[in-house]
Structure formats: structure tokens, C-alpha cells
Amino acid sequence: MDVIEYLMSGDPAIRWQVMRDLTDAPADEVAAERARVATEGWGARMLAEQDADGRWDAGTYRPGWVDEERPFYDAWTATHFSLQSLAEYGVDPGADAVRAAVQRAAEGARWEYNGAPYFEGEIEPCINGIALTVGGYFRRDDASPIAATLLATQHADGGWNCWEEDTAAPSSFHSTICAIEGLWQWGEHAGHSDELRESRLRGEEWLLERRLFRRKSDGTVPDPRMTMTSVPGRWFYDVLRGLEYFRLARPSATSAAPRPSSSFGRSASRTGCSDSRTTTKGRCCSSWTARATASRAGGSPSAPCACCAGGTQADAGPGDRTADAPARVGRGIR
């Protein structure tokens, strides 16, 4: 079985993108396969998990059952990351079921931080960047306040940093990639205004000056996990995510992109695909754990549960960002 055959044996969320990017499939066949994402497999299961009040798992950023005395406990089953996953699957934003689900989220989900509706955003740039990506992807005009907040919180060095109100402070890889992804996707929907483009280009230059994964000051790698593949990325940064961004935002310039790491491609599996080499710890899709675990044993690319494709497993256990996740390591990278 070659790589294309292997990928085409997976979920519709994978198949339609393989057909679009790696085969010569006619546009109408690609569109037909994409339409299946909302009705079969990961996309359909994710849509079915939405609560009647428009949220997923009774929360916006974190599920309603999370103990507030554990502020760094990571769980990926709430509204924010569920919407991010739907966008990453490439679900058709114009499909009736999808539009209805996103509208329910817009009306019912409010940020725990400030009580604002989902598409008005909050203050943290990692969160706002992902929310703006969601807003742009699902063609939500009401997400414009998030774009304004990102523009206002950009740092003097061109990037962004989590929970950092001093814009003179150094930026981080994690916040910066989330922000520029959001600004680019928003521009695809609302138009790339001069202000939007200038801000995004400054963020891109921040990454390029660091060759996508190195400190500008001494060239060292701030966290080895940045050179490892991790799917889904959530708010974590890695080199592949950076390269994927530039593939979309600067398609004519990707041939000149810096080589990220000589070790990056050493994990090819028997199918010729690269394995996921790290995971984002935290609870996800708990109601699918048994089914996902059983399917993973079969070795199909459709095996992982919908929000954990290729990376996090539902039984991975609680994650403490301060100990397990790379985000806070990225703070203050010069």
C-alpha cells in the first residue's frame, strides 16, 4: 500500500484533502467527498457531541466539569477546540448542519474569562488567534472584535505572547503562530486590509528571523518538541505548523523557506508517512475512548477519535501546562 492508498483508506476529513492536494481528482469529486465530512466519521461525531445550549461539554475554553482549582488542567472537549477541530477537518462551512451548529455556539458560548460571546473573543492571543481562525473559516462577520484585539496586543518585536500586557516584552512561538493564522484566515473572509496585512507580515518576520524554531539571540532550540510533529496542534507550536502556515500565506515563497531540522523527517512509518512524535496531553472526546482505542489497533488513518487524530489520546490523563506542555517554555524567547 502506497502513501496515497493509505491516506485514502481513512476518514472523509483526510480523503477530501488528499484528493485536493495530492491527486488529480476533478473538483466536483473533491467537493462531494468534502460534503461527507459533516455526515460521516469525525465531523459527524463532533457535530453530534454539541450540547443543546450551543456549547460542547458544557464549557467554552474548558469543559464545565473541570475543577477551577486546577487552572492549568488541559482538556480539549469544550467549544473552542471542538470548533477548531471542525475547521481543521475542512467541514463545509456552508452545510446546513454546520451553519446551525456554529450559530448555536455563537449564541450560547461565552468566554469564562470575560463573559463575552464566543465571536467577540477575550484577551489571550493564543485563544483569540484560534477563535479568529474559526470565525474566518466559518464566515462569521461578528468575529471582527477578535481581529481588533489581536492588532492592539501585538508586541513591539512583531509577535505576541500569552497573558503578557507589556507589548515591549519578548514574544513566543505559540502565541505568534496562533495570531498570524487567525489574521490570515480572517483576511481570507473579510479581505486583507493594509492594517491586517502589515500586522501579519510583522508576525511572519518574527518567525523567519528565528528560522521557525530557534532563538534569535543564540540560535538554540527553546524546546525540542518544536521539531516534533504533533497533530492536532491545539495552541502548541511546532515546525510543521509553521511551514504549513507559510505554504498557505506565502505560496510563492515556500521554496526559499528555511530547512527546519535534519532530524525532522526521520520518523517515516512503513507506509511512508511521518508518525506523530509528541502529544498534547489532556482529556479529549471521553465518550469515544473505547471506540477510538479499538480502531487505533487496526492501524487505519481513521483510527484516532475525531479531536485527537494522530496525537492526543482520550486516556492520556491530565496535562499541566507548567510541566507537560511546551507553551509556557516559549515565553520570552528572544
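For the structure given in this document, a descriptive report is provided here. Predicted model, so just to flag it, every value in this text is computed and none were measured.

### Section: the overall build of the protein
1) Next: Scanning the protein from N- to C-terminus turns up 12 helices and two strands.
2) Next: Written out in order from the N terminus, the α and β elements of the protein read α-α-α-α-β-α-α-α-α-α-α-α-α-β.
3) Next: Looking at the protein as a whole, 50% of its 334 residues are labelled buried.
4) Next: Long-range contacts, defined as pairs at least 24 residues apart, comprise 66% of the intrachain contacts of the protein with a sequence gap of at least 6.

### Remarks on the packing of helix H7 (residues 125-137) against helix H9 (residues 173-190)
1) Next: Closest axis-to-axis distance for the H7/H9 pair is 7 Å, and the angle between their directions is 20 degrees. Taken together, the axes of H7 and H9 are roughly parallel relative to one another. Seen along the crossing, H7 lies across H9 with a hand that is left-handed. In this structure, H7 uses Pro125, Cys126, Gly129, Ile130, Leu132, Thr133, Gly135, Gly136 and Tyr137 to contact H9, whose residues at the interface are His174, Ser175, Cys178, Ala179, Glu181, Gly182, Leu183, Gln185, Trp186 and His189.

### Some words on the pattern of salt bridges
1) Next: Across all of its chains, the model carries 16 salt bridges by this definition.
2) Next: For Arg200, the salt bridge is made with Glu204, and the minimal N-O distance between the two is 2.8 Å. Linking Arg200 with Glu204, this pair stays in helix H10 (residues 194-209), spanning four residues, or about one helical turn.
3) Next: Arg200 sits in the buried class, given a relative accessible area of 6%.

### With respect to a nonpolar patch on the surface
1) Next: The grouping of Tyr113, Ile123 and Trp163 at the surface amounts to a nonpolar patch, some 310 Å² of accessible area in total.
2) Next: By the element assignment, Tyr113 lies in the loop between helix H6 (96-108) and H7.

### Concerning the nonpolar core
1) Next: Of all hydrophobic cores here, the largest spans 66 residues; its most connected members are Leu86, Phe138, Leu207 and Trp235.
2) Next: Counting residues per element, this core draws most heavily on H9, which supplies eight residues.
3) Next: The residues touching Leu86, leaving out its near neighbours within four places in the chain, are Gly43, Met46, Leu47, Trp56, Val91 and Phe138.

### Describing H10
1) Next: Taking 1.5 Å per residue as the helical rise, H10 with its 16 residues ought to reach 22 Å, and the 22 Å between its terminal C-alpha atoms agrees with that figure.
2) Next: Those residues of H10 that sit buried are Leu196, Ser199, Arg200, Gly203, Glu204, Trp206 and Leu207. On an axial view of H10, the arc spanned by its buried residues comes to 150 degrees, and they lie on one face. The exposed set on the far side of H10, more than 90 degrees from its buried face, consists of Asp194, Glu195 and Glu198.
3) Next: Looking at the buried side of H10, the elements it contacts are helix H8 (144-152), H9 and helix H11 (239-249).
4) Next: Phi turns positive one or two residues past the end of H10, at Arg211, with a value near 50 degrees.

### Some remarks on the packing of H9 against H11
1) Next: Where H9 meets H11, the axes come as close as 11 Å, and the angle between the chain directions of the two elements is 20 degrees. Of the possible angle classes, the one that applies to H9 and H11 is roughly parallel. Between H9 and H11 lies a crossing whose hand is left-handed. Across the interface between the two elements, Ile177, Cys178, Ile180, Glu181 and Trp184 from H9 touch Arg241, Gly242, Tyr245, Leu248 and Ala249 from H11.
2) Next: Grouping the constituent residues of the contact of H9 with H11 by class yields seven nonpolar, one polar and two charged.

Parameters and conventions
- Residues numbered from 1 in each chain as written.
- Predicted model: local features only at pLDDT ≥ 70, side-chain atom pairs only at ≥ 80, totals over all residues.
- Heavy atoms only, no water.
- Helix = DSSP H or I, 4+ residues; strand = E, 2+ residues; numbered from the N terminus.
- Buried < 20%, exposed > 50% of the residue type's maximum accessible area, 1.4 Å probe, protein only.
- Contact = heavy atoms within 4.5 Å.
- Axes fitted to C-alpha atoms, helices over the stretch in contact; angles between N-to-C directions.
- Parallel < 35°, antiparallel > 145°, perpendicular 65-115°, else oblique.
- Left-handed = near helix turned anticlockwise from the far one by under 90°.
- Salt bridge = Lys/Arg side-chain N within 4 Å of Asp/Glu carboxyl O.
- Patch = residues over 30% accessible without salt bridge, like charges linked within 9 Å, V, L, I, M, F, W, Y side chains within 5 Å.
- Areas by Shrake-Rupley, 256 points an atom, 1.4 Å probe, with all protein chains shown as cover.
- Core = buried A, V, L, I, M, F, W, Y, C linked by side-chain atoms within 4.5 Å.
- Expected span 1.5 Å × (residues − 1).
- Arc of directions from axis to C-beta.
- Nonpolar A, V, L, I, M, F, W, Y, C, P; charged D, E, K, R; others polar.

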